[in-house]
Structures are given as structure tokens and as C-alpha cells.
Amino acid sequence: MKYKEFKDGIRLSRLGMGAMRLPVQNGNDACINYEKAKQLIDLCMEQGINYYDTAYIYHGGKSEEFLGRALADYPRDNFYVTDKYNFQAEPDFKKQFAEQLGRFGMERIDFYLLHGIQNHFAKEMVENGCIEYFDKMKKKGKIRYLGFSFHGTPELLRELLKRYPWDFVQIQLNYYDWYFQDAKALYEILEEAGIPVMVMEPVHGGLLANLTEGAAKELQAAAPERSLASWAMRWVMGLTNVQVVLSGMSDESQVLDNIRTFSEEEPLTAEGQERIEKAAQIQHSSVAVACTGCHYCTPNCPQGLDIPYLLKNYNEAKIGGVWRVLHLKELPKDAQPSACIGCKACAAHCPQGFKIPEYLKELSGMLA
């Protein structure tokens, strides 16, 4: 296992275990299969993984308790636990933090985050006193390092960085989002600020481990022995400001495949980088609306909608989940996808012939 210096003499494994997709019983997400999940944790510890990430809401609130029990067999200084304050689940940060320490059965949480900040609730969350309180907990030794995980815009990220001297920030970072979402911009903002990046969704929730046939062939032609997931992991590892790459591993085969990837120093070649970009392009054209943002459609929209922006959010909702685009509800009513009247003037001027009104109607339905 490769390690990277963080600060204060701490060396973190490049691969981190995300405890949000653990084995469960009878398809019940809140009923973790303790025996099978414990075997995964033991395997991770055996292979040198020392960073374990969970959150208040994972597995219906049972993930923290499981992780505390599973790691109790090991010396406390042999691993680092990460947890998160979820504003939407329980706004009372003092109550939630105390509950989390109780679930863990530990006296401290090593890496603590404000969970999943999005534009539509960021202001209410960061102004409720939680940052000041968690800073006090940090000074008392209850929290070692304070950061946040983020699902917002680059503009919001810049504003948040002014609020506190954050120790780290966690973002969704993978080669698909680098080319088709804001991942590149978010990463570069953090790199410029000198803040270490913890990576979530390096394979985009499984998307990059299950590419369409055309995209998969592009990578397999170069290295048929490598898994598709390993290509995504190696790409993320190649970014110099990345500290830990999280993987929500749910079975032994995933752990062993990732261990192989993170136990070698084999940067992608120029050819490998080109293949990854081409695979991303092929994947994008297969699963999303490949809007180029030419804006030929907008001058002809009687409602004045920012159609390329709405299509970008449509893609994100289709690929990453509707929750990622809930900020659209904060737009004025006449700027939301529901404002589309289906006149098809946009479609008539689209160089690629997209059925734009159909996509906007679908997006509106997802937000309803």
C-alpha cells in the first residue's frame, strides 16, 4: 500500500475505505451483515488501509456503530476515522456530534467534515454556528482535522474557503466529471489554495467500472488485464494534490483489485491519458445529452431559458442522481425547466437535433 504524508507526521494510505456500501442482510440497507462487513475491514487493515470514512446517515445510521465495533480490535493509533455533520438529517450539530462519538465508542474523530454542502442550503448551514462549535471541539481534541465535503459550484467553493482555515476538502473527482462537470475547476481552486483533496466517487458511483462497450474497448485494448475501475483510480492518483482516494468497497474482490492498484507506482502514460479522455467522450455520448453549449437554441426560446445550463443539470441528474441538482428549485420559477412550454423552437435550431423539450419535461418531472 502506498502512503502519502498529510501533516503532523501523519501518513495516510492512498486508498481509503468508504463505509457506505457495506454488505447487508435481506436487501435492508440499515441491516449490515456484520460478519461479512467485518471481514472486509479486517482485510483492509491487513493490507495497510488506515483511513475509514463514514457519515451520520450511512446505512440508516448504523455505519458509524459498525465501524466503531469493527475497528475496536485494533490499536487506536493504527487507523484514522472520518465522520460528517449532516445538516439536513439533524440540524442540531451539538446533538449530532455527541451521538456520533457514542456510536463510534471513541473519544475523538480524526477527520470531521460538514457533509455534502450544496448551493441551496450552504448559507443556512455554515451560518448556524456549527463551524465555531467544531473548531472548539478541535481545540479540545475531540476532532483532529476539520474540513467539508462539497457538491456545489466553483463560486461557492471560493466563498467557503474564506470562512475557515480548513485542513482538507472532499470533492467528487473522476475523469468523467473532469471533462463534463466542474471537477477540474474545483480541484484547481483547492490546489491553488494549498488544501489537500480527499476524493469521493473516483469511479462515479460505478459508472466508470461499468462503461459502455465502446468506451470499455478503448481502455481494454491497451491493457486487457486491468479492470476498468483501476483505470479510473490510477487517473485520480496522478493528480498531485490528491491525498486519499475513497472507495465504497462492498466485497473482497473490489478490495483486492483496489489494493493491487494502490500498491504500485505506475502513472498513466500520455497514450493512457488520451485513451481515458476518448473513453470519457464515448461514454458521455452514450449516456447523456452531448450538448456543446453553442447556445444556438437560446435566442429562439420565448421563455428566455438558459437551455445549455439546464441540459448540463439534466445530465447530472441522469448520471449522478436528482439530489445533485436540487439547487434548480432555488431558481426563479420562470428560469426552471418547468417553464418550458414545449414550443420546440429550440429543437428547430439545435445543430445536433436534440429533443430539448422532452429533456426539460423529464427534468421538471424529476424535480417535482
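Going by the structure above, here's the rest.
Residues numbered from 1 in each chain as written. Predicted model: local features only at pLDDT ≥ 70, side-chain atom pairs only at ≥ 80, totals over all residues. Heavy atoms only, no water.

Caption draft 1: The arrangement of the environment of I319 in detail. Within the fold, I319 resides in helix α13 (residues 307-320). Measuring from C-alpha to C-alpha, the distance between I319 and H284 comes to 9.8 Å, with 35 residues separating the pair along the chain. (Helix = DSSP H or I, 4+ residues; strand = E, 2+ residues; numbered from the N terminus.)

Caption draft 2: View of the sheet that holds strand β6 (residues 51-53). With parallel pairing, the eight strands of this closed barrel are ordered in space as β3-β6-β7-β8-β9-β10-β11-β12. Averaged over all pairs of adjacent strands, the angle between their axes in this sheet comes to 30°, without regard to strand direction. Across four bridges, strand β7 (residues 80-85) lies against strand β8 (residues 109-117) in parallel orientation. Following the sheet pairing, K84 is matched in β8 by L113. Running at roughly 160° to strand β9 (residues 143-150), helix α6 (residues 154-161) makes contact with β8, β9 and β10 (168-172) of the sheet. (Pairing = 2+ DSSP bridges. Axes fitted to C-alpha atoms, helices over the stretch in contact; angles between N-to-C directions. Contact = heavy atoms within 4.5 Å.)

Caption draft 3: Region of the structure containing the nonpolar core. Y52, L114, I117, F134, F148 and L173 are the most contacted members of the largest nonpolar core, which has 92 residues in total. Top element by residues in this core is helix α10 (residues 228-237). It accounts for eight residues. Those residues in contact with Y52 that lie beyond four places of it in its chain are M17, I41, C44, M45, L67, L71, F79, Y80, V81 and T82. Listed in part, the 20 residues of the second largest apolar core include L311, I356, L360 and L363. (Core = buried A, V, L, I, M, F, W, Y, C linked by side-chain atoms within 4.5 Å. Buried < 20%, exposed > 50% of the residue type's maximum accessible area, 1.4 Å probe, protein only.)

Caption draft 4: Summary view of the pattern of salt bridges. Scanning the entire structure with this criterion turns up 27 salt bridges. Note that D73 is salt-bridged to K38, the shortest N-O span being 3.0 Å. Of this pair, D73 sits in the loop between α2 (63-71) and β7 while K38 sits in helix α1 (residues 34-46), and the two are 35 residues apart along the sequence. R226 is paired through a salt bridge with E264; the nearest N and O atoms lie 3.0 Å apart. With R226 in the loop between α9 (213-220) and α10 and E264 in the loop between α11 (252-261) and α12 (270-287), this residue pair connects regions lying 38 residues apart in the sequence. Its relative accessible area of 26% is what places E264 among the partly exposed residues. One network of salt bridges, in which partners are shared, links R76, D77, R108 and D110. (Salt bridge = Lys/Arg side-chain N within 4 Å of Asp/Glu carboxyl O.)

Caption draft 5: Main features of the pairing of β8. For β8, the buried fraction is high: nine of the nine residues fall into the buried class. Crossover connection from β7 via helix α3 (residues 93-104) to parallel β8: handedness right-handed. Here six bridges tie β8 to β9, and the two strands are oriented parallel to one another. Across the sheet, residue Y112 finds its bridge partner in β9, namely L146. (Right-handed = clockwise from strand over helix to strand, strands pointing away.)

Caption draft 6: Up close: α11. Buried residues of α11: V255, D257, N258, I259 and T261, and no others. On the buried face of α11, the contacting elements are β3 (15-18), α1, α10 and β12 (242-247).

Caption draft 7: Molecular detail of the pairing of β9. Here β9 lies mainly inside the structure; seven of its eight residues are buried. As paired strands, β9 and β10 are joined by four bridges and run parallel to one another. Each residue of the ladder has a partner; that of G147, found in β10, is F168. In the classification by handedness, the crossover that spans β9, the intervening α6 and the parallel β10 is right-handed.

Caption draft 8: Representation of unusual backbone geometry within the structure. Positive phi, close to 50°, is recorded for H59, a residue that is not glycine. Within the fold, H59 resides in the loop between β6 and α2. One non-glycine residue, E201, lies in positive phi territory at about 55°. Mapped onto the elements, E201 comes out in the loop between β11 (197-200) and α9.

Caption draft 9: Spotlight on the packing of aromatic side chains. Applying the stated criterion across every chain yields a total of 25 aromatic pairs. Each residue in the set F6, Y51, Y80, F111, Y145 and F168 is aromatic and connected to the rest through ring pairs, giving one cluster. A cation sits over an aromatic face here: R69 above Y34, 4.1 Å from the ring centre. (Phe/Tyr/Trp six-rings, centres within 6.5 Å; stacked < 30°, edge-to-face > 60°. Lys NZ or Arg CZ within 6 Å of the ring centre and 35° of its normal.)

Caption draft 10: View of the side chain of D53. Structurally, D53 can be placed in strand β6. By relative accessible area, D53 is classed as buried at 3%. Non-local contacts of D53, meaning those with residues more than four positions away in its chain, are made with M17, G18, A19, Y58, T82, K84, Q170 and L246.

Caption draft 11: Representation of the environment of A122 in the model. For A122, the location among the structural elements is in helix α4 (residues 122-126). On the basis of relative accessibility, which here comes to 3%, the residue A122 falls in the buried class. Sequence separation between A122 and F87 is 35 residues; the distance between their C-alpha atoms is 9.5 Å. The contacts of A122, once residues within four sequence positions are left out, are I117 and L156.

Caption draft 12: Just the packing of α9 against α12, in detail. Relative orientation of the contacting elements α9 and α12 amounts to 175°, with a least axis distance of 8 Å. As judged from the angle between their axes, α9 and α12 are roughly antiparallel. Taken together, the residues of α12 that come into contact with α9 (itself represented by G214, A215, E218 and L219) are R275, I276, K278, A279, I282 and Q283. (Parallel < 35°, antiparallel > 145°, perpendicular 65-115°, else oblique.)

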